[in-house]
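The primary structure of each chain is shown beneath.
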Protein chains: 2
Amino acid sequence: MIKVFGHYSPDTDSTGSPLIWAWYLSEIEGTPAKAVLLGEPNTEAKFVLDQWQVAQPEIIRELAEGEPVVIVDTNNPDELPANINKADIRAIIDHHKLVGGLETKGPINITIRPLACTATIMFNLIGKHMAQAPKAIKGLMLSCILSDTLEFRSPTTTDEDRAVAHALADELGIDLSEYAAQMFAAKSDVSDFSEAELLKMDAKKYAVGGKTFRISVLETTSPDQILARKDALVAAMPGVAAEDGADEVMLFVIDILKEEATLLVPSDTIRQVAEKSFGVTVEGDEVVLPGVMSRKKQIIPALTL
Amino acid sequence: MIKVFGHYSPDTDSTGSPLIWAWYLSEIEGTPAKAVLLGEPNTEAKFVLDQWQVAQPEIIRELAEGEPVVIVDTNNPDELPANINKADIRAIIDHHKLVGGLETKGPINITIRPLACTATIMFNLIGKHMAQAPKAIKGLMLSCILSDTLEFRSPTTTDEDRAVAHALADELGIDLSEYAAQMFAAKSDVSDFSEAELLKMDAKKYAVGGKTFRISVLETTSPDQILARKDALVAAMPGVAAEDGADEVMLFVIDILKEEATLLVPSDTIRQVAEKSFGVTVEGDEVVLPGVMSRKKQIIPALTL
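Please read these numbers as outputs of a predicted model, since none were measured by experiment.

Conventions adopted
Residues numbered from 1 in each chain as written. Chains lettered and ligands numbered in written order. Predicted model: local features only at pLDDT ≥ 70, side-chain atom pairs only at ≥ 80, totals over all residues. Heavy atoms only, no water. Helix = DSSP H or I, 4+ residues; strand = E, 2+ residues; numbered from the N terminus. Rg over C-alpha atoms; globule rule 2.2 N^0.38 Å. Contact = heavy atoms within 4.5 Å. Lys, Arg positive; Asp, Glu negative; His and termini not counted. Charge placed at Lys NZ, Arg CZ, Asp CG, Glu CD. Salt bridge = Lys/Arg side-chain N within 4 Å of Asp/Glu carboxyl O. Buried < 20%, exposed > 50% of the residue type's maximum accessible area, 1.4 Å probe, protein only. Phe/Tyr/Trp six-rings, centres within 6.5 Å; stacked < 30°, edge-to-face > 60°.

Draft legend 1. Structural context of the overall build of chain A. Each helix and strand in chain A was counted, giving eleven helices and ten strands. Relative to a compact globule of 305 residues, whose C-alpha radius of gyration would be 19 Å, chain A shows 19 Å and is just as compact. Principal-axis analysis of the C-alpha atoms gives chain A an extent of 60 × 45 × 35 Å. Relative to all contacts within chain A whose residues are 6 or more apart in sequence, the contacts with residues 24 or more apart total 63%. Taking the average place of the 28 positive charges on the side chains of chain A and the average place of its 46 negative ones, the gap between the two points comes to 4 Å.

Next up, the structure:
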């Protein structure tokens, strides 16, 4: 049985894509496969699973040596089990930059595309067999695309993501904007999480100018709910940074509706990074970055120290 | 202008695929691109260029920082210019195992498939636009597939490679076997090369049991021509190994027609590797390995020390 999984912090794409691909492998290719998760899915992903009546996949923490796996929505060994290169990697489907570090024993199928969402790539790979996809699989695909594109607001959005999402919404008879609003509301309800959990929810490590940052992003339609906890979030940062071997945490609170990010500025280093990277002047302990919505396209490439 | 290239030792696939893809990018996608080579093409590749009246691409030795490139037929930084990760890698199309080591600045198109030949992958990617391909492009594609599959004799051959080659040969009105025989005869004419050049012609470094070997392969329809130079080849081995930081050179002379390999056994270490890896008993300074034709599928995976 092939295990299909995404990265350690399952958002909607990293929860939905494994389910989509496990369906395709099992039902269309005839290769038994099951989706698993490498961590607790976020509140939006849980809402999506409920919505399409799909059981939450089992969460696994370890892989056996030689175990057959398919990796989706990442190609970064840091976001995967430590022994990933000892597994039998059968395929990789992803939409992130090539990080280097994964190795395979023989030639395998690797499909990386500069699209906003793994599910869009899968839609193309599945091709005509999409006609056989049950409603839940189509619903998961639509959800992945709406999530990763922030309903087409993110600059990562391509015409292909948009076209696939609209086609799926039409077929499912769903009001795309209404459904997206429900998803984003689910993601924005973070009252159950501790500050440390919030900082770790959607974080990627990135090194710049000799320092390593944990770049945390929280996409929300209620930024006030998060910013009200600013002092506690800042207090939790050193612990979270240390846990991950990073120097500091940078938290970007992305306002999906206003299409802007608020970066917390708890230190001189982060003030410097913010001013150099985004051409702003920081006064106080936060700074608003108009139009910034994508870590991949707008934050990581801009970072300088 | 995007430069499209394969690896440092251009065989037919690594010479033809860049030309095919540069045509596709320039003529179909409208992105100006040109094929270049990272080394002198082998005699088979030169024959193929002549046959289809395609000018030999310029040989380059260096890349400028930030230069836009597409890498085909390899994903191994050791087979590419030293500063490859400073280039602007726009796409990778390959059929080898993922080695790890290439990095990209953003998400790009990466297509790796477990097929025998890069050109087969390109045929699929180009899809319906193949109708616009000139004869020379189709001829190059056919040549790449015949070369990499040794006219379907290699165990790397898939049904897809076979089907694409037959379709192209039909369309071009070519007798596939006759043409393949001409290609292999061209590859087998190695009289102009020194022993060191022969050892370096098609070689990949591979580490096993704490030792590093340079695994050289010579595919030929006239093995006697090469084996007659055995003493001189063995004498050239230490120099070639040292040049590449390897401990020893293993030379496999692949008899395309008899479908077997002859491994030269100049040392106790290589005798041990041969016996352990291929379950044979070595007597004398060479050993015949029946059915062995593919470094990728049959040699590298078997190697033990």
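Continuing now.
Draft legend 2. Geometry of the pattern of salt bridges. Inspection of the entire model under this criterion finds 38 salt bridges over all chains. Across the pair Glu40(B) and Lys46(B) runs a salt bridge, and its minimum N-O distance is 2.7 Å. Arg295(B) is paired through a salt bridge with Asp202(B); the nearest N and O atoms lie 2.7 Å apart. In this pair, Arg295(B) is assigned in helix α11 (residues 295-299) and Asp202(B) in the loop between α7 (195-200) and β6 (203-208), connecting sequence segments 93 residues apart. On the accessibility criterion, Asp202(B) (22% relative accessible area) is partly exposed. Residues joined in a network through salt bridges with shared partners are Glu44(A), Lys187(A) and Glu219(A).

Draft legend 3. Layout of unusual backbone geometry. Residue and element names in this part refer to chain A. Look at Gln 53: it is not a glycine, yet its phi comes out positive at around 50°. Mapped onto the elements, Gln 53 comes out in the loop between α2 (43-51) and β3 (68-72). When its relative accessible area of 75% is taken as the criterion, Gln 53 is described as exposed. With phi around 50°, Glu 151 is a residue other than glycine that occupies positive phi space.

Draft legend 4. Local environment of the packing of aromatic side chains. Residue and element names in this part refer to chain A. All told, the structure shown has eight aromatic pairs over all chains when counted by the stated rule. Ring geometry for Trp 21 and Tyr 24: centres 4.6 Å apart, planes at 35°, overall tilted. You can see Trp 21 and its partner Tyr 24 sitting in helix α1 (residues 12-29), three residues apart, about one turn around the helix. Three or more aromatic residues joined by ring pairs make a cluster, and in this case those are Phe 47, Trp 52 and Tyr 179.

In short, geometric facts, not functional conclusions.
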